[in-house]
Amino acid sequence: MKRDIKQLIDRCDKELQPVWNRLEEISLFNHEKVLNAFQQYRLSSFHLQGGTGYGYDDLGREAVESIYSNIFRTDAALVRPQIISGTHAISLCLFGVLRPGDNLLSICGKPYDTLDKIIGLKYENDQDSYDSSVSTPGSLRDLGVKYSQVELLPNGGFDFPAIERAIHKETKMILIQRSRGYTLRPALSIAQIEEACRFIRELNKEVIIFVDNCYGEFVEKREPIEAGADLIAGSLIKNIGGGIAPTGGYIAGRSDLVELAAYRWTAPGVGSEIGPSLGFSRSFLQGLFLAPMIVSEALKGAILTAKVFETLGYDVFPASDAQRSDIVQSVILRSPKEIIDFCHGIQAASPIDSHVAPEPWAMPGYNDPVIMAAGTFTQGSSIELSCDAPIRPPYTVYMQGGLSSNYVRLALSYVLERLHNN
Ligand SMILES: *Cc1c(COP(=O)(O)O)cnc(C)c1O
């Protein structure tokens, strides 16, 4: 590591000591929550064996799901290696619960990109408007489920008067996306989600509040069900898998809703009763056990990155001293070249594929070439250090993950050397 770069990173690290103390406190709190759930279940080594075939009475699966329910403070959870991704888990919730004629309402603007085709939206060049005449076959829209959305306010908060106007008697489900995803809006904090749930409940007791919890787990002390949500979903190759789960997704919440999602996942009437854990329970549980620490390390890496780039005069989002509710860090660079240098630095620092150089590439669903850097043990894992950026102004790179903050620190020095030398 070059001396001036090392000094810069060291100085930022020292100034962030009060932030590290706060992260440490959250990590300890969540670690205790997880440990208590393991102990209350009386987890034993035989739970780590895997069921096969139909998976009837799979003890490992039951342990995993019961422990997840405990951690999320709810009655039911579906945690399966056969749920492939966050998108899959979210899709199960939407198709499981919604019926023709129902209305799905997003109260935080446009949802994450992969939901476009599930809902049946086809976004044209302008990302904020959609062409409602085009529908994906098999989408919610194709089945007669309507969709509407309320934008967040410019300050990132909920627009309560607009939400009140948008909720009507066909509104069956409200969608809240906790993470910023790949946009420049702030993540929604648990306190904000709680305020929204309370507001919605006063207007309508029946409407189902669903939270896309991807990238949010263990960033705060509480999770969305504790704030009043009915149903949540997420991916095991993000926060809650702790970098150990090699695949999988989860759904948690009210037991009738989790079962409806499970009906969609296997078959009506069969639901969550089947599904072998195939030996994955061990990695799910070990990942969960480590997740509070891993999430804290990833956050530490994100915040250090924010501080270093702030010090160098770049805009970063969120700022190093901001409250966080997800693990995503964006840095606004100054040119396409800087984006490429940044991504090359992250790639070169990786434990895997460090010798390859990612190139901007046309991606389905994106209007501009996208560059991605990741050298991960699990394909596509974004609790491992990774970053991606569309090559267009405002030249924003989105970075997340990092199984150790020292590794992110080293990666940061690779990035700075490249930016510095060019
Ligand atoms: C990652 C993510 C998803 C989709 O998850 P995949 O596992 O990539 O399918 C959905 N919503 C948000 C906010 C995400 O961050």
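Residues numbered from 1 in each chain as written. Predicted model: local features only at pLDDT ≥ 70, side-chain atom pairs only at ≥ 80, totals over all residues. Heavy atoms only, no water.

**Structural notes on the overall build of the protein**
Counting its regular elements, the protein contains 11 helices and 12 strands. A compact globule built from 422 residues would reach a C-alpha radius of gyration of about 22 Å, and the protein, at 21 Å, matches this within 12%. Taking the principal axes of its C-alpha atoms as reference, the protein extends roughly 65 × 55 × 35 Å. Considering the protein as a whole, with its 422 residues, one finds that 55% of them fall into the buried category. Considering only contacts within the protein whose residues lie at least 6 apart along the sequence, 68% involve residues at least 24 apart. When the accessible surface of the protein is summed, it comes to about 17,900 Å², and 53% of that surface belongs to carbon and sulfur atoms. One finds the centroid of the 40 positive side-chain charges in the protein at a distance of 2 Å from the centroid of its 50 negative side-chain charges. (Helix = DSSP H or I, 4+ residues; strand = E, 2+ residues; numbered from the N terminus. Rg over C-alpha atoms; globule rule 2.2 N^0.38 Å. Buried < 20%, exposed > 50% of the residue type's maximum accessible area, 1.4 Å probe, protein only. Contact = heavy atoms within 4.5 Å. Areas by Shrake-Rupley, 256 points an atom, 1.4 Å probe, with all protein chains shown as cover. Lys, Arg positive; Asp, Glu negative; His and termini not counted. Charge placed at Lys NZ, Arg CZ, Asp CG, Glu CD.)

**Quick notes on the site of the ligand**
Residues in contact with the ligand, as listed here, are S85, G86, T87, I90, Y112, Q177, S179, D212, C214, Y215, S235 and K238. Here S85 contributes a side-chain N or O atom positioned 3.4 Å from an oxygen atom of the ligand. If the ligand stood free it would expose 380 Å²; the protein chains cover 89% of that surface. When grouped by side-chain class, the residues that make up the shell around the ligand number 4 nonpolar, 6 polar and 2 charged. (Near = heavy atom within 4 Å. Polar contact = N/O pair within 3.5 Å; in protein donor to acceptor, adjacent residues only side chain to side chain. Nonpolar A, V, L, I, M, F, W, Y, C, P; charged D, E, K, R; others polar.)

**Notes on the side chain of S235**
Tracing the sequence through the fold places S235 in strand β6 (residues 231-235). Residue class for S235 comes out buried when judged on its relative accessible area of 3%. Reaching out from S235, the side chain makes a polar contact with the backbone nitrogen of I237 at a distance of 3.1 Å.

**What to know about unusual backbone geometry**
A cis geometry characterises the amide bond from F317 onward to P318, with omega recorded as 0°. Topologically, P318 is positioned in the loop between β8 (315-317) and β9 (329-332). Each neighbour pair has its own omega, and for P393 with P394 the value is 0°, a cis peptide bond. Mapped onto the elements, P394 comes out in the loop between β11 (386-390) and β12 (396-400). Phi is positive for R73, which is not a glycine, with a value near 60°. Non-glycine residue D353 carries a positive phi angle of around 60°. Mapping D353 onto the fold places it in the loop between α10 (336-348) and β10 (370-374).

**Side note on empty space enclosed by the protein**
Taken as a whole and assessed by the stated rule, the structure comprises 1 cavity of 30 Å³ or more. By volume, the largest cavity is sized at about 50 Å³. Lining the largest cavity we find R61, V64, V79, R80, P81, S277, F280, S281 and F284. The set of elements that each furnish at least two residues to the lining of the largest cavity consists of α3 (59-72), β1 (76-80) and α9 (281-311). Per-class residue counts for the lining of the largest cavity are 5 nonpolar, 2 polar and 2 charged. (1 Å grid on protein atoms, 1.4 Å probe; cavity = no way out; pocket = protein on both sides within 12 Å on 5 of 7 lines; lining within 4 Å. Points joined across faces, edges and corners; volume = space filled by probe spheres on them.)

**Regarding helix α2 (residues 17-41)**
When the terminal C-alpha atoms of α2 are compared, their 36 Å separation across 25 residues agrees well with the 36 Å that a helix rising 1.5 Å per residue should span. Summarising the contacts, the buried residues of α2 are in contact with α1 (3-15), α3 and α9. Of the residues flanking the end of α2, it is R42, one or two places downstream, whose phi is positive at about 60°. (Expected span 1.5 Å × (residues − 1).)

**Describing the side chain of K307**
One can find K307 in helix α9. Filtering out sequence-adjacent residues up to four positions away, K307 remains in contact with C12, E15, L16 and S320.

Shape descriptors only; they carry no functional weight alone.
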